[in-house]
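Spelled out from the first residue to the last, the chains are:
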Amino acid sequence: MLKRVAYYPGCSCEGMAIEYDQSVRALCYVLGIELVGIPDWNCCGSTPSHSYDPLLGAALAGRNLAIAKSQGLDVVMTPCPSCLKALKTANQVFRERPSEFLDVLGMPFSGDVRAISVLQLLYEEIGPNLIQKAVKFPFKNKKIVPYYGCLLTRPPAFAQFDDPENPVSMDRLIEAAGAAVPDFPHKTECCGAALGITQRDVVMRLTGRILEMARAVGADAVAVACPLCQQNLDLRQDQVNRALKENFNLPVLYITQIIGCALGIDRKTLGIEKLAVKTDALFQSA
Amino acid sequence: MRIGVFICQCGTNIAGTVDTRAVAKKAMEFPDVVFAVDYMYTCSEPGQKEIQDAIASHRLQGVVVAACSPRMHEATFRRAVKKAGINPYMFEQANIREHCSWIGTDREANTRKAIDLVRMSVEKLRCNQALFSTQVAVNKRVLVIGGGVAGIQAALDCSDGGLEVVMVEREPSIGGKMAKLDKTFPTIDCSSCILGPKMVDVAQKENIRLYAYSEVEAISGYIGNFKVDIRKKATYVDWDACTGCGECTQKCPSKKAFDYFNEGLGTTTAINIPFPQAIPKKARIDSDYCRYLTGGKCRVCEKICPVKAIRFDMKDEIVTEEVGAIIVASGYDLFDARVYGEYGGGRYPDVISAMQYERILSASGPYGGHIRRPSDGREPKEIVFISCVGSRDISVDRPYCSGVCCMYIAKQAIMTRDHIPDSNCYVSYMDIRAPGKGYDEFIRRAQEEYGVKYIRGRVGRIYPRGDRLVVQGADTLLGVQVEIEADLVVLATGVECSAGARPLAEKLRISYDQHGFYMESHPKLRPVETNTAGVFLAGVCQGPKDIPASVGQGSAAASKVQALFSRDTIETDPQVAHVNENMCIGCGKCEQVCPFGAIRMKTLRDGSRKSEVLETVCQGCGLCNATCPNKAIQLRHSTDDQILAEINTLFD
């Protein structure tokens, strides 16, 4: 089992998704995984950089991997699927166009630092069994549906994690936390992603569909592992209600918050109060 | 030696990018060459005649033909020179087509390379020796592996030709996949009505010995003389005594056994006869479900059986059969639809495979031929068929077309509209592939006469809504998204190699492609032969195909066996390994590397150990040659001297 990983929070974990960052740190602390900061880490480049020039995007992300390597670390963990994709792309571009990549990066790069998501860390390195044993406050009689979004398991050859169309890693982790997991057919349907800024009606429709399905299968909450999914489902839930004349009231928690709660970490440390949709009902025993 | 060189132009295939005249002219300068010429088609009858005339008029002792690949025409030219009185192994073929003219367009460079290739062949030929075949007797019995329609056809044809046939079938009954089908396209023939009589024939022919519920354990020997160990798996019923009366199946208290024949729709009893037309019609106990075999109590069938055929102490048994040829018709498996998470196969009971639907349609199926949904037994009204589930998809490592799904979907949709006239059938397809006789007309009938709605585009997601299924997809002709609320979804699962295909290939020493389908000797000209002499292919084990093609291959393989058996002896290939005992140190490395078991160690009278090649088993692969530390074992016609002569002349 991994004991020590480089931690790449990415920009969202410093702002909109600060509770994701808090819960990842708290959970890893309790599970005995040391998160080593990457000194002077920089933005992964996100969508703008690789849209402008793939080499620029790869080099921006690659710099973080190179620093991690110089710290003697072989695995970089990030909570954000978009950062994950950027970091993995750096390795891929390095393999495909090594000389150009090194030229732009301007520092030593070996391409052997592995990038993983926090979900991958929890599922593959720690595992549901170990987590189940550590659970002190299981979510009894609660139904939580996992929402994976588009990026965590796709494209399959690139992500190399879980089933691309019917992933189950979060299902197993939620079960370990003591909650029931109903079959959730929309677990990988698109939430509308960044269209929330340019074409909000699309996000209203797509996110609305996901929330509708979650309600239809009787969910008490939705678990996510992506800051953008979380934003669309949670922060925009009020907008969705107004746009679709609905009254969704579904808490949307990060998987790290759900496991953290089950392990007995206090809710303030996990940043639960930062969520837009209130979670009180989820924590009342039925 | 007096050598003649013949440069083939192969029309423009070679002459287009190689100056064949210049190659012939240059060849005259090579040692021992006394005649060289180029010709438009050397393989043609006048082309061969020219070689034969030159052999006579120039008193040639060896011939080099520079033309296509030896895989194409080596046999042709060897025959030609043999007719003119030259030993066929005093012939060399330089490949200046696949290895030269087809590769580059630089005429000058190609000509240089062609000259080099001819020079190498001349040097090789100068080291050649006349080789002679020996004769071995042929055991005129044939083994057929697999009792599906391809194997049945092959067995019956061989049997009609008077040959003794041994058939090995893995399942308790022969019939294969075809026995499970309700109807066949494009004629809507009842599958079991056309297959049934053939199955009965297999049982009744006196010269067919059937081993059902058996598998090939090991194979040794060679063409004309194979020895086959067959594992007869324990059925716990003495099949010599069992009359197939079925009383045991009436009384068996364990009624939840998996029904393999009905693809898991419904259940059967632990002691069962797989289906009414089964051949042999004998009962078998499924040891996973038998109360006595799993829990130690019950033995009801033993008390019921009127002929006392139950044998709870039965063990697997190995029997040995000797045959001269083998027809492999081991069939295929269907793709596991659970691989596609978005379709929900295996999770939603009303998302079923096409083979399951075939059983639903069948009168002998779990619902007596009435179309019902597995979940609640309701008659479905909206049915969606999804094509290419596990076909033509690189992401699941199935890039090939299964070739039958478009047709069986059309058939199933037609049958559905026939059974339930007020139903709606939708087919989500990528392309429609219907190249057989009457096939495209059949698809049109489905569309026009039966009103089956064809939607071009893939389905992206299936999920339940209430007791129905929402099928979400695209219509790429209209460029719109489509959503259908269906009662039943049928996944047209594709064809993949049988789970046991690779291990069986290794026992047979035949090759298979990256997807596990067996390799034919030549994709066009030797479609049912393998590269292992005496082993022939029939049916889907060689690649996806429909029933007519499988039956055709079954007959083709049978005719190949009959041609082989029409002679009492066969000639062996003299291009085999040979041990120089004076140099052999008896280390035994050759014996370890030989993939064919063709080498054994012997002890001479002085007590020294030497290796010995079984010439009839040796396939001439040359592994022993490369491994031998003392170069004592040499592959005839590819000796070290011959290969080095080719290489040396390149660097002279």
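What counts, and at which threshold
Residues numbered from 1 in each chain as written. Chains lettered and ligands numbered in written order. Predicted model: local features only at pLDDT ≥ 70, side-chain atom pairs only at ≥ 80, totals over all residues. Heavy atoms only, no water. Helix = DSSP H or I, 4+ residues; strand = E, 2+ residues; numbered from the N terminus. Buried < 20%, exposed > 50% of the residue type's maximum accessible area, 1.4 Å probe, protein only. Contact = heavy atoms within 4.5 Å. Areas by Shrake-Rupley, 256 points an atom, 1.4 Å probe, with all protein chains shown as cover. Lys, Arg positive; Asp, Glu negative; His and termini not counted. Charge placed at Lys NZ, Arg CZ, Asp CG, Glu CD. Pairing = 2+ DSSP bridges. Buried area = accessible area lost by both parts, 1.4 Å probe. Salt bridge = Lys/Arg side-chain N within 4 Å of Asp/Glu carboxyl O. Polar contact = N/O pair within 3.5 Å; in protein donor to acceptor, adjacent residues only side chain to side chain. Right-handed = clockwise from strand over helix to strand, strands pointing away. Phe/Tyr/Trp six-rings, centres within 6.5 Å; stacked < 30°, edge-to-face > 60°. Axes fitted to C-alpha atoms, helices over the stretch in contact; angles between N-to-C directions. Parallel < 35°, antiparallel > 145°, perpendicular 65-115°, else oblique. Disulfide = S-S within 2.5 Å.

## Notes on the overall build of chain B
Here is step 1: Across its full length, chain B holds 18 helices and 34 strands.
Here is step 2: In chain B, buried positions account for 53% of the 652 residues.
Here is step 3: Counting only contacts in chain B whose residues sit at least 6 apart along the sequence, the fraction spanning at least 24 positions is 68%.
Here is step 4: On chain B, roughly 28900 Å² of surface is accessible, and the fraction owed to carbon and sulfur atoms is 50%.
Here is step 5: Charge centroids of chain B, computed over 81 positive and 79 negative side chains, lie 2 Å from each other.

## Considering the pairing of strand β26 (residues 480-486) of chain B
Residues and elements named next belong to chain B.
Here is step 1: Where strand β25 (residues 468-475) lies against β26, seven bridges are found, and the strand directions are antiparallel. The partner of Val471 across the bridge, within β26, is Ile484.
Here is step 2: The loop that links β25 with its antiparallel partner β26 comprises four residues; one of these, Gly479, has a positive phi angle of about 70 degrees.

## Examining the interface of chain A and chain B
Here is step 1: On the side of chain B, nine residues touch chain A, which itself brings eleven residues to the contact.
Here is step 2: With both sides pooled, the region where chain A packs onto chain B buries about 840 Å², and carbon together with sulfur makes up 41% of that total.
Here is step 3: Arg461(B) is the partner of Glu165(A) in a salt bridge, and the nearest nitrogen-oxygen pair spans 3.4 Å.
Here is step 4: Applying the counting rule to chain A against chain B returns eight residue pairs in polar contact (both at pLDDT 80 or more).

## A word on the pairing of strand β2 (residues 34-37) of chain A
Residues and elements named next belong to chain A.
Here is step 1: The pairing of strand β1 (residues 4-7) with β2 spans four bridges and is classified as parallel. Bridge pairing in β2 links Tyr7 to Gly37.
Here is step 2: In this fold, the crossover linking β1 to β2 by way of helix α1 (residues 18-31) has right-handed handedness.

## What about the packing of aromatic side chains?
Residues and elements named next belong to chain A.
Here is step 1: This model, assessed by the stated rule, comprises 18 aromatic pairs over all chains.
Here is step 2: Relative to Phe161, the ring of Tyr123 lies with its centre 6.3 Å away and its plane at 75 degrees, an arrangement referred to as edge-to-face. Here Phe161 lies in the loop between α8 (156-159) and α9 (169-176) and Tyr123 lies in helix α6 (residues 118-126), a separation of 38 residues in the sequence.
Here is step 3: On the basis of relative accessible area, Tyr123 is assigned to the partly exposed category, the value being 25%.

## Side note on the pattern of salt bridges
Here is step 1: Scanning all chains against the criterion turns up 63 salt bridges over all chains.
Here is step 2: Glu125(A) is the partner of Arg114(A) in a salt bridge, and the nearest nitrogen-oxygen pair spans 3.4 Å. With a gap of eleven residues between them, Arg114(A) in strand β4 (residues 114-117) and Glu125(A) in helix α6 connect regions that are remote in the sequence.
Here is step 3: With a relative accessible area of 38%, Arg114(A) lands in the partly exposed category.
Here is step 4: Among the ionic pairs, Glu529(B) bridges to Lys560(B), the shortest N-O distance being 3.1 Å. Here Glu529(B), found in the loop between α14 (501-508) and β29 (535-537), pairs with Lys560(B), found in helix α15 (residues 547-565); they are 31 residues apart in sequence, far enough to count as distant.

## Section: the packing of helix α4 (residues 81-96) of chain A against helix α5 (residues 98-105) of chain A
Residue and element names in this part refer to chain A.
Here is step 1: Running from N to C, α4 and α5 point in directions that differ by 125 degrees, and their axes come no closer than 5 Å. Accordingly, the angle class assigned to the pair α4 and α5 is oblique. Between α4, through Ala90, Val93, Phe94, Arg95 and Glu96, and α5, the contact on the second element is made entirely by Pro98, Phe101 and Leu102.

## Some remarks on the sheet that holds strand β7 (residues 252-254) of chain A
Residues and elements named next belong to chain A.
Here is step 1: Taken together, the three strands give an open sheet; going across it, the order is β5-β6-β7, and neighbouring strands pair in parallel fashion. Only two strands of the sheet have a single partner each, and these edge strands are β5 (144-147) and β7. Between one strand axis and the next, the sheet turns through 35 degrees on average, direction left out of account.
Here is step 2: The pairing of strand β6 (residues 221-224) with β7 spans three bridges and is classified as parallel. In the sheet register, Val224 faces β7, and the bridge partner there is Tyr254.
Here is step 3: Sitting on the sheet, helix α12 (residues 227-235) is in contact with β5, β6 and β7, with an inclination near 160 degrees to β7.
Here is step 4: Strands β5, β6 and β7 of the sheet are contacted by helix α14 (residues 255-263), whose axis makes an angle of about 80 degrees with β7.

## Concerning helix α11 (residues 354-361) of chain B
Residue and element names in this part refer to chain B.
Here is step 1: Within α11, eight of the eight residues are buried, which leaves the element mostly enclosed by the surrounding structure.
Here is step 2: Every buried residue of α11 is accounted for by Ala354, Met355, Gln356, Tyr357, Glu358, Arg359, Ile360 and Leu361.
Here is step 3: As for α11, its buried residues are in contact with β8 (183-184), β19 (332-334), β20 (351-353), β21 (382-389), α12 (405-419) and β27 (488-493).

## Some points on the state of the cysteines
Formally, a disulfide is one covalent bond, and it connects the sulfur atom of one cysteine to the sulfur atom of another.
All names here are of chain B.
Here is step 1: Taken as a whole, this structure holds one disulfide over all chains when the rule is applied.
Here is step 2: In this model Cys190 forms its disulfide with Cys193; the gap between the sulfur atoms is 2.3 Å. When the S-S torsion is 75 degrees, as for the bridge of Cys190 with Cys193, the disulfide is right-handed.
Here is step 3: A relative accessible area of 24% means that Cys190 is categorised as partly exposed.
Here is step 4: Cysteine Cys10 shares no disulfide, and the gap to the nearest cysteine sulfur, in Cys8, comes to 5.0 Å.
Here is step 5: Here Cys248 stays free of any disulfide, with the sulfur of Cys245 as its closest cysteine sulfur at 6.1 Å.
Here is step 6: Taking the relative accessible area as the measure of exposure, Cys248 reaches 10% and is therefore buried.

## Here's the deal with the sheet that holds strand β4 (residues 91-95) of chain B
Residues and elements named next belong to chain B.
Here is step 1: Spatially, β2-β1-β3-β4 is the arrangement adopted by the four strands of the open sheet, whose pairing is parallel. This sheet does not close on itself; its edge strands, each paired only once, are β2 (33-39) and β4. With direction set aside, neighbouring strand axes in the sheet form an average angle of 15 degrees.
Here is step 2: As defined by bridge partners, strand β3 (residues 62-67) adjoins β4 across five bridges and the pair is classed as parallel. Bridge pairing in β4 places Val65 opposite Gln93.
Here is step 3: The strands that helix α3 (residues 70-83) touches are β3 and β4; relative to β4, the one it contacts most, it runs at about 150 degrees.
Here is step 4: The strands touched by helix α5 (residues 107-127) within the sheet are β1 (3-8), β2, β3 and β4, with β4 carrying the most contacts at an inclination of about 160 degrees.

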